[in-house]
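Overview (structure and organization)
So you can see what is in the structure, the chains are spelled out below.
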Amino acid sequence: MTNTVSRETHIVLENIWKRFDNGSVAVRNLSLDVFRGETLVLIGPSGCGKTTTLRLVNRLVEPSEGRILFDGENTMDMNPDKLRQRMGYVIQGIGLFPHMTVEDNVSVVPKLKGLDGRTVKETAARCLDLVGLPVQAWGKRWPRELSGGQRQRVGVARALAGDPEVILMDEPFGALDPLTREVLQDELLALKERLGKTILFVTHDIHEAMKMGDRVAIMRGGELVQAAEPLALLSCPADNFVADFVGSDNHLAMFSFVKVKDVPLRTENLPVVTAEATFAEARSVVEKSGVRYGRKRFVYILDAEGRVMGYADLESGRNPSDPVRIALKAAPSVARESSVHDALLRMVENGVINLLVVDENRRMKGLLTFGDLNGLIESQRKGDGCISKP
Amino acid sequence: MYLETVSADVILQLTLEHLQLVLSACLAAFSVALAAGIWVTRPSMRGRWVPRAVTQFLFLGQAVPSLAIIGLVMALLGTGAATAIFALALGSLVPMLRNVIAGLRGVPEPVLDAARGNGMPPVTVFWKVELPLALPAIFAGIRTAVVIAVGTAALSSQIGAGGLGSLIFTGMAMFDMPLMLAGAIPTALLAVSADKILGLAEARFRGKW
């Protein structure tokens, strides 16, 4: 869980039932809290009620029973248009207005909110910039001229332009090829870190759910089966349905869901020196930390701002009084947002059993060690920390 | 020959009469078609029997030949320009209504969903999204209806409403080919130019998207 997520509820669904006129029941007694700043992913087999649940939140569908609180206020007491202007809405594929330019599409909500012409223009430009489509180059294009990925970016920009408190996303990347989808997922994760919005996200792709979600809510037949953090779903599935759905018996598959930031990292007693340190100093730091890379001993070198410059091999028989920076090499590393699967791959590629974890400014966030991962698998298998084993 | 007594002025006069019949009929028909088309496509009307019955009845009307419509209306309203305009309007209503409905129903559901989901009030959804997207289809309907009406209006001289039809039918009755052509050629030109002009307007309305 990232530090932008609070435990303060933003949207509360209380005992929601939705029966359609044709007699079908889409949602059965669903209660769910969405916390401020979190990404909550709704997932389940088709027909499980996940899209209906999303549409209940912005009142495109109205509950038959129960109530939905947004910021503590019952949504049924609010003007539906004003409510929706406070919630960005992104849908799959072709939701852009085909008769409006990219800029006009993004300007829709700011105009509805009554902003003046200049502010609307500035807002549209800023939001298109955020999704990597600068208005000078893309603003005057028509939706039909864009690729699927670009259209989806415009859709995200349009949802952001109203400066909403919440963004609702209904399978936003479902129609894209796997490569583009991956890129857009990463961009959305980065955007989310920057903007800190509450996101409610519907998908049928468990990989996407585990990647995007701070929490994942699994639905079946209109009912909520389990809502928990990705790791908790894997280690403590509520029942066999959830266990099968998330594939909790397959550790390799599991690692492609689990993010580096969600596993225990070593953050104390790290083998770290500044660029001025000598080999003798570096060796004593490494001895003290006890971290080894197979047979060799390495030390990470940080610059004055605390950014990682690289690492140095201490076994090269240098003069103990030489500065370590003369043996400086680029260090393999992963980002906190990467999956453990990616981290393992990088370990294998580089023949190391410890991996440097950095943030976007290449500041050291800790070390991912193979031993810690082993411990994680072990605890998953035993179901440690589960309230009740299935 | 009789044609010599028919000056260019008379032909122009009859052409204007003809145009007047067509334009007033089509304007009336279009207002009704637009209003009815919007009404039956509102989400609240979905599944109701009244709008469905109305459209079914109108679409049945398409099978009735123009001459029969004129005859039926004459039985009710008697002869004269008003009868002709009413009959022409009835005949134009169907292609117009059909296209208004097709245009409005053809707006993709995800686009409407996005419009509502982004907080557009229903009136804004209609003016900013539904109507602009339906315009090409609506215009195509007007074009078809006007072209048909230009032809049908030639029949209205039979019930004393004037127009270029009077030259055509007199010419036919008197086996006077030039007189008949003096009516037929302007009618044909009128139909072709109406088609072209409305086609240009349609392309303009459609814009670049």
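Reference entry: report on the structure contained in this document. (Residues numbered from 1 in each chain as written. Chains lettered and ligands numbered in written order. Predicted model: local features only at pLDDT ≥ 70, side-chain atom pairs only at ≥ 80, totals over all residues.)

1. Points about the interface of chain A and chain B
Taken together, the 19 residues of chain A in the interface contact 17 residues of chain B. For the side of chain A that touches chain B, the secondary-structure elements that each account for two or more residues are α2 (80–85), β6 (87–91) and α3 (102–112) of chain A. Partitioned by chemical class, the residues of the side of chain A that touches chain B number 10 nonpolar, five polar and four charged. (Contact = placed C-beta atoms within 7 Å. Helix = DSSP H or I, 4+ residues; strand = E, 2+ residues; numbered from the N terminus. Nonpolar A, V, L, I, M, F, W, Y, C, P; charged D, E, K, R; others polar.)

2. Concerning the nonpolar core
Within the largest apolar cluster, 151 residues are counted, with the highest numbers of intra-cluster contacts made by Leu200, Ala217, Ala282 and Val299 of chain A together with Leu88 of chain B. In terms of residues, this core owes the most to one element, helix α4 (residues 81–105) of chain B, which gives 14 residues. The residues that make up this core include at least three from each of domain 1 (9–258) and domain 2 (272–375) of chain A. Discounting residues that sit within four places of it in the chain, Leu88 of chain B has contacts with Leu21, Val22, Ala25, Ala149, Thr152, Ala153 and Ser156 of chain B. (Core = buried A, V, L, I, M, F, W, Y, C linked by C-beta atoms within 7 Å. Buried ≥ 20, exposed ≤ 12 C-beta atoms within 10 Å, placed from the backbone. Domains from an automatic or database assignment.)

3. Thoughts on the sheet that holds strand β5 (residues 73–74) of chain A
Residues and elements named next belong to chain A. The four strands are arranged β2-β1-β4-β5 in an open sheet whose pairing can be described as antiparallel. With partners counted over all chains shown, the strands left at the sheet margins are β2 (25–35) and β5, one partner each. Looking at chain direction, strand β4 (residues 65–70) and β5 are connected through two bridges and run antiparallel. What sits directly across from Leu69, in β5, is Asn74. Together, β1 (9–19), β2 and β4 form the strand contacts of helix α1 (residues 50–57), whose direction differs from that of β2 by roughly 60 degrees. (Pairing = 2+ DSSP bridges. Axes fitted to C-alpha atoms, helices over the stretch in contact; angles between N-to-C directions.)

4. Observations regarding helix α4 (residues 117–130) of chain A
Residue and element names in this part refer to chain A. Here α4 contains 14 residues, and its C-alpha end-to-end distance of 20 Å stays within 8% of the 20 Å for a straight helix at 1.5 Å per residue. Within α4, the full set of buried residues consists of Val120, Thr123, Ala124, Cys127 and Leu128. Buried positions in α4, seen along its axis, are confined to an arc of 125 degrees and lie on one side of it. Exposed residues on α4 whose side chains face more than 90 degrees from its buried face are Arg118 and Thr119. (Expected span 1.5 Å × (residues − 1). Arc of directions from axis to C-beta.)

5. Details of the packing of α4 of chain A against helix α6 (residues 148–161) of chain A
Residue and element names in this part refer to chain A. The N-to-C vectors of α4 and α6 enclose an angle of 135 degrees; their axes lie 9 Å apart at closest approach. Considering the angle they form, α4 stands oblique to α6. The element α4 and its partner α6 pack so that their crossing is right-handed. Residues Thr123, Ala124, Cys127, Leu128 and Leu130 of α4 form the contact with α6, whose participating residues are Ala157, Leu160 and Ala161. Of the residues assigned to the contact of α4 with α6, the class counts are seven nonpolar, one polar and no charged. (Parallel < 35°, antiparallel > 145°, perpendicular 65-115°, else oblique. Left-handed = near helix turned anticlockwise from the far one by under 90°.)

6. Details of the sheet that holds strand β12 (residues 298–302) of chain A
Residues and elements named next belong to chain A. Spatial ordering of the open sheet is given by β11-β12-β13-β14, a layout of four strands whose pairing is mixed. Two strands lie at the open edges of the sheet, namely β11 (272–274) and β14 (328–329), each paired on one side alone. Relative to β12, β11 runs parallel, the two being bridged by three bridges. Directly across from Val273, in β12, lies its bridge partner Ile301. With respect to the sheet, helix α12 (residues 279–289) is in contact with β11, β12 and β13 (308–313), its orientation differing from that of β11 by roughly 155 degrees.

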